[in-house]
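Here are the chains, one letter per residue:
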Amino acid sequence: MSEDATASELTGGPETRILAAVSGSGSGESVVRLAADLATAMGASWHAVFIETPRSARDPAIARRAADALSLAARYGATVSNEPDDEVTRGLTTHLEAMPADHLVVGTPTTMGRHRWFRRSTVLSVQERFPGLTVHIAPKAVGVADGTVGSETDISTAAKVEPRHHLFALGLVAITLGLAELVSLLLGGRPLNLLFLFPVIAAAARFGLAPALTATVASVLGFDFFLLQPRFHLELTAPVMVVTLAALLAVAVYTSLVTQALRNRVALSDRSAKENARIATFSQVLARAADWEETAAAICDEFAGVLKTEVAVFRNRAGRLELVGATMTPLTWGPIDQAALDWCWEHGEAAGRGTPTIASAEWRVEPLCTSLGVLAVLALVRHDGRDPIRADRGVLFNTLISQAALAHERLILEDRLRTD
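How each quantity is defined
- Residues numbered from 1 in each chain as written.
- Predicted model: local features only at pLDDT ≥ 70, side-chain atom pairs only at ≥ 80, totals over all residues.
- Heavy atoms only, no water.
- Helix = DSSP H or I, 4+ residues; strand = E, 2+ residues; numbered from the N terminus.
- Buried < 20%, exposed > 50% of the residue type's maximum accessible area, 1.4 Å probe, protein only.
- Contact = heavy atoms within 4.5 Å.
- Areas by Shrake-Rupley, 256 points an atom, 1.4 Å probe, with all protein chains shown as cover.
- Pairing = 2+ DSSP bridges.
- Axes fitted to C-alpha atoms, helices over the stretch in contact; angles between N-to-C directions.
- Salt bridge = Lys/Arg side-chain N within 4 Å of Asp/Glu carboxyl O.
- Phe/Tyr/Trp six-rings, centres within 6.5 Å; stacked < 30°, edge-to-face > 60°.
- Lys NZ or Arg CZ within 6 Å of the ring centre and 35° of its normal.
- Parallel < 35°, antiparallel > 145°, perpendicular 65-115°, else oblique.
- Left-handed = near helix turned anticlockwise from the far one by under 90°.
- Nonpolar A, V, L, I, M, F, W, Y, C, P; charged D, E, K, R; others polar.
- Right-handed = clockwise from strand over helix to strand, strands pointing away.

Engineer: Honestly, the overall build of the chain in this entry has me stumped. Any pointers?
Structural biologist: Within the chain, the regular secondary structure consists of 12 helices and 10 strands. Within the chain, the fraction of its 420 residues that count as buried is 45%. Long-range pairs, those at least 24 residues apart, make up 70% of the contacts in the chain between residues at least 6 apart in sequence. Accessible area of the chain: about 21200 Å², with a carbon and sulfur share of 60%.

Shown next, in the form of structure tokens:
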């Protein structure tokens, strides 16, 4: 396995392609910088991709780190995208099959405790699938966490447990008790405790683990009290009851985990499809924009719709920044906001609300950068004073930023052609 390119490898050409696999770990910035250095040294094009899994969708910290890494990649001139998949390895393999690359830049593998005994290395799996691919492993920044901490919050599409869900589970158990009694009378034998799998599975699949556990306990108690001989007597220590309880608990846990994983996968795919459609539509709108004002209006409408914020676009004209378009009229703009705007234009870095630079500003300003440099500045503000860019919108935001920057690059090149 090759982690560092030799001198002979750094002789790429226009056809050489570099892929930076950005994750939500602490090595994202190192991955982007190494890929940018390779692209510059080899004169190659490069792309940064984030494989979004259900786990990364649940953890705002991972989403934020991935979005920051993609934003940095866009400022270095890369094209960026995010692709949903259940597993990083499979998502990365699928991406390489659709967009082949000659060099792959990944972050330093993180230590995952007991999980490292059960999960195969992504690098090894990808190299086996693409033996001609040169892999470069970027070092992790000192003092940055691995980002492998489990999620503390679930995605917004997860089923919320309510008291009526437990009542629904109890109702299913009551119906099953009646059916079991009917079967017992018709067959003249002991009722089958397997019938109680149905309410447990139904509660787990529909409402999750907690109602399934309610159904499990109610099924065991109901079976023991009403159906097991002698009737109307609890004997929970009987072997048949212990086996029944263990079996129903196992079914409840397994069904709820599988169902939740399927819900997460569907939600992630649905969100990704909507975001991709929105990106495609935004690109078409920008392509139809004929001048700076129409482009700024399209950008303001799109970002205001995605982030639910006020938006303004500034461009350089005759050596000074001027407002091209905004959703707020008149524009509320203070001296601190102007300082953040000037810093962003001069340094090509985000400033203002939600950033380490001039965080006291009301507005957040983001540079629109390509290989030509900083072409314009996008400003956003929320009426409640919070960071305009939510963690779950970070990846989409940076993709839209890249589209907006490319639109401004086209305008600048058209202006140069008209003046030449």
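Engineer: Is there a simple way to explain helix α5 (residues 122-129) in this structure?
Structural biologist: Taken together, the buried positions of α5 are occupied by V123, S125, V126 and Q127. Close packing links the buried residues of α5 with α4 (88-98), β4 (103-107) and β5 (134-138).

Engineer: Which parts of the structure should I look at to understand the environment of P139?
Structural biologist: Mapped onto the fold, P139 is located in the loop between β5 and α6 (163-187). For P139 and E29, which are 110 residues apart along the polypeptide, the C-alpha to C-alpha distance reads 9.6 Å. Look past the residues within four positions of P139 in its chain and what remains in contact with it is S27, S30 and T108.

Engineer: Help me understand the sheet that holds strand β7 (residues 320-326), please; the structure alone is not making it clear to me.
Structural biologist: By way of backbone hydrogen bonds, the strands of a sheet pair with one another, either parallel or antiparallel. With antiparallel pairing, the five strands of this open sheet are ordered in space as β7-β6-β10-β9-β8. Taken across any chain shown, the strands that pair with only one partner, and hence form the sheet edges, are β7 and β8 (351-352). Both strand β9 (residues 364-370) and strand β10 (residues 373-381) contribute to a ladder of seven bridges, which runs antiparallel. Bridge pairing in β10 places T370 opposite G373. Relative to the sheet, helix α10 (residues 292-307) contacts β6 (310-317), β7 and β10, its axis offset from that of β6 by approximately 150°.

Engineer: How should I be thinking about the pattern of salt bridges in this particular structure?
Structural biologist: If charged atoms from side chains of opposite charge come close, those side chains can pair. Per the stated rule, a full pass over the model turns up 15 salt bridges. For R64, the salt bridge goes to D387, with nearest N and O atoms at 3.6 Å. Here R64, found in helix α3 (residues 60-75), pairs with D387, found in the loop between β10 and α12 (394-419); they are 323 residues apart in sequence, far enough to count as distant. Residue classification places R64 among the partly exposed residues on the basis of a relative accessible area of 23%. Salt-bridge contacts for R164 lead to E162; the nearest nitrogen and oxygen are separated by 2.8 Å. The exposed category is assigned to R164, whose relative accessible area is 51%.

Engineer: What is the right way to look at unusual backbone geometry in this model?
Structural biologist: With the exception of glycine, the majority of residues adopt a negative phi angle, and the majority of peptide bonds are in the trans configuration. Residues T329 and P330 are joined by a peptide bond in cis, for which omega reads -5°. Within the fold, P330 resides in the loop between β7 and α11 (335-347). One non-glycine residue, F232, adopts positive backbone phi at about 55°. When you line up the elements, F232 lands in the loop between α8 (209-227) and α9 (239-288). Positive phi, normally seen in glycine, also occurs at K308, with a value near 55°. Examined against the element boundaries, K308 turns out to sit in the loop between α10 and β6.

Engineer: Is there a simple way to explain the packing of aromatic side chains in this structure?
Structural biologist: The geometry of two aromatic rings is summed up by the distance between their centres and the angle between their planes. Summed over all chains, the structure comprises nine aromatic pairs. Here the aromatic rings of F225 and F226 are separated by 5.0 Å at their centres, their planes lie at 85°, and the arrangement is edge-to-face. Judged by its relative accessible area of 39%, F226 falls in the partly exposed class. Residues F314 and W333 carry aromatic rings whose centres are separated by 5.0 Å and whose planes lie at 45° to one another, so their mutual orientation is tilted. Of this pair, F314 sits in strand β6 while W333 is found in the loop between β7 and α11, placing the two residues 19 residues apart along the sequence. Linked through ring pairs, F225, F226 and F232 together constitute an aromatic cluster. One residue, R129, lies across the ring of F130, its end atom 4.9 Å from the ring centre. Residue placement shows R315 over the ring face of W292; its charged tip is 3.8 Å from the ring centre.

Engineer: Would you explain the packing of α9 against α12 in this entry?
Structural biologist: The description of two packed helices rests on the angle between their axes and on the distance between the axes. Contact pair α9 / α12: the axes reach a minimum separation of 10 Å and the direction vectors enclose 15°. One way to sum up the angle between α9 and α12 is to call them roughly parallel. Helix-helix and strand crossings are classified by hand; for α9 and α12 the assignment is right-handed. Between α9 and α12, the residues in contact are E275, I279, F282, S283, L286 and A287 and L396, T399, L400, Q403, A404, A407 and R410, respectively. When the residues that make up the contact of α9 with α12 are grouped by side-chain class, the tally is eight nonpolar, three polar and two charged.

Engineer: Can you help me understand the pairing of strand β2 (residues 45-52) in this one?
Structural biologist: Within a regular strand, side chains alternate between the sheet's two faces. Within β2, seven of the eight residues are buried, leaving the element largely enclosed by the surrounding structure. Pairing of strand β1 (residues 17-22) with β2, which is carried by six bridges, proceeds in the parallel orientation. In the sheet register, V22 faces β2, and the bridge partner there is F50. A crossover links β1 with its parallel partner β2, the connecting element being helix α1 (residues 28-42), and its sense is right-handed. Of the strand pairs in this sheet, β2 and strand β3 (residues 79-84) are connected by six bridges, and their pairing is parallel. Along β3, the bridge assignment pairs A48 with V80.

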